[in-house]
Amino acid sequence: MKVLKIIVLVVLLGFVGIQFVPTDLNLSDVVPDTDFMSVNQVAKDIEHDLRVSCYDCHSNNTQYPWYNKVQPIAWFLEEHIKEGKEELNFNEWGDYSDRRKRSKLKSIASQIEDDKMPLSSYTLIHKDAKLSVEEKERILTLVNDLMEELDN
């Protein structure tokens, strides 16, 4: 029994200790001129859908939930956001070449059509981020229109 108490105490102290390890927050007050919404003519309803469902992981400004203050969850979120931004960063859209934009648009369409984005782990907690059939269709229409513009 004494060994179990020591193990519990060590685990508890370790958990408390990691709470003081900082994480890099993905926060910016600036919306750059290169942002997807600034570069493209995006209807307000689609802009809202993209901001709610995509921008937390695919931009330079994440709206963090309360549980981001708890380690190791904060580490998980930090890594997830870093990976999301490496794949696609809507704030840097204007800096992408036309070839890269086309590739990203195809990827966006594929991810939405296959229900891979937004991630189910994200929509489980952020119910408003789950895209309805109508919202998906609006985004896919925008994506297809932008691909056509790039082809012309």
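Residues numbered from 1 in each chain as written. Predicted model: local features only at pLDDT ≥ 70, side-chain atom pairs only at ≥ 80, totals over all residues. Heavy atoms only, no water.

Our next topic: the nonpolar core. Counting 23 residues, the largest nonpolar core has Phe36, Leu50, Phe90, Leu105, Ile108, Ile139 and Val143 as the members making the most contacts within it. Breaking this core down by element, the ones donating at least two residues are α2 (36-39), α3 (44-53), α5 (98-113) and α7 (133-151). Sorting elements by how many residues they give to this core places α7 first, with seven residues. Every residue in contact with isoleucine 108, bar those within four places of it in the chain, is listed here: Leu88, Phe90 and Val143. (Core = buried A, V, L, I, M, F, W, Y, C linked by side-chain atoms within 4.5 Å. Buried < 20%, exposed > 50% of the residue type's maximum accessible area, 1.4 Å probe, protein only. Helix = DSSP H or I, 4+ residues; strand = E, 2+ residues; numbered from the N terminus. Contact = heavy atoms within 4.5 Å.)

The UniProt entry lists residues 12-147 under the feature "domain: Haem-binding" (unreviewed entry), expressed in the numbering used here. Annotation note: span residues 12-147, helix share 54%, strand share 0%, distance between end C-alpha atoms 53 Å. (UniProt positions renumbered as here; feature names shortened; annotations may be inferred.)

Let us look at a nonpolar patch on the surface. A cluster of nonpolar residues, Leu12, Phe15, Val16 and Phe20, forms a patch on the protein surface that exposes about 430 Å² of accessible area. For phenylalanine 20, the position within the fold is in the loop between α1 (2-18) and α2. (Patch = residues over 30% accessible without salt bridge, like charges linked within 9 Å, V, L, I, M, F, W, Y side chains within 5 Å. Areas by Shrake-Rupley, 256 points an atom, 1.4 Å probe, with all protein chains shown as cover. Salt bridge = Lys/Arg side-chain N within 4 Å of Asp/Glu carboxyl O.)

A separate point is the state of the cysteines. Applying the stated criterion across every chain, the model contains zero disulfides. Residue cysteine 57 stays outside any disulfide, its sulfur separated by 9.1 Å from that of cysteine 54, the closest cysteine. Overall, the relative accessible area of 12% leaves cysteine 57 in the buried class. (Disulfide = S-S within 2.5 Å.)

Right, let's get into the packing of α3 against α7. The contact between α3 and α7 brings their axes to 10 Å, and the two run at 105°. Comparing their axes, α7 and α3 come out roughly perpendicular. Contacts between α3 and α7 involve Asp45, Ile46, Asp49 and Leu50 from the former and Glu135, Arg138, Ile139 and Leu142 from the latter. (Axes fitted to C-alpha atoms, helices over the stretch in contact; angles between N-to-C directions. Parallel < 35°, antiparallel > 145°, perpendicular 65-115°, else oblique.)

Before going further, it helps to spend a moment on the packing of aromatic side chains. Taken as a whole, this structure holds five aromatic pairs when the rule is applied. Between phenylalanine 36 and phenylalanine 90 the ring centres are 5.2 Å apart and the planes differ by 75°, which places this aromatic pair in the edge-to-face class. Note that phenylalanine 36 is positioned in helix α2 and phenylalanine 90 in the loop between α4 (73-87) and α5, a separation of 54 residues in sequence. Side by side, phenylalanine 36 and phenylalanine 90 carry an identical accessibility label, which is buried. A cation sits over an aromatic face here: arginine 100 above tyrosine 96, 4.1 Å from the ring centre. (Phe/Tyr/Trp six-rings, centres within 6.5 Å; stacked < 30°, edge-to-face > 60°. Lys NZ or Arg CZ within 6 Å of the ring centre and 35° of its normal.)

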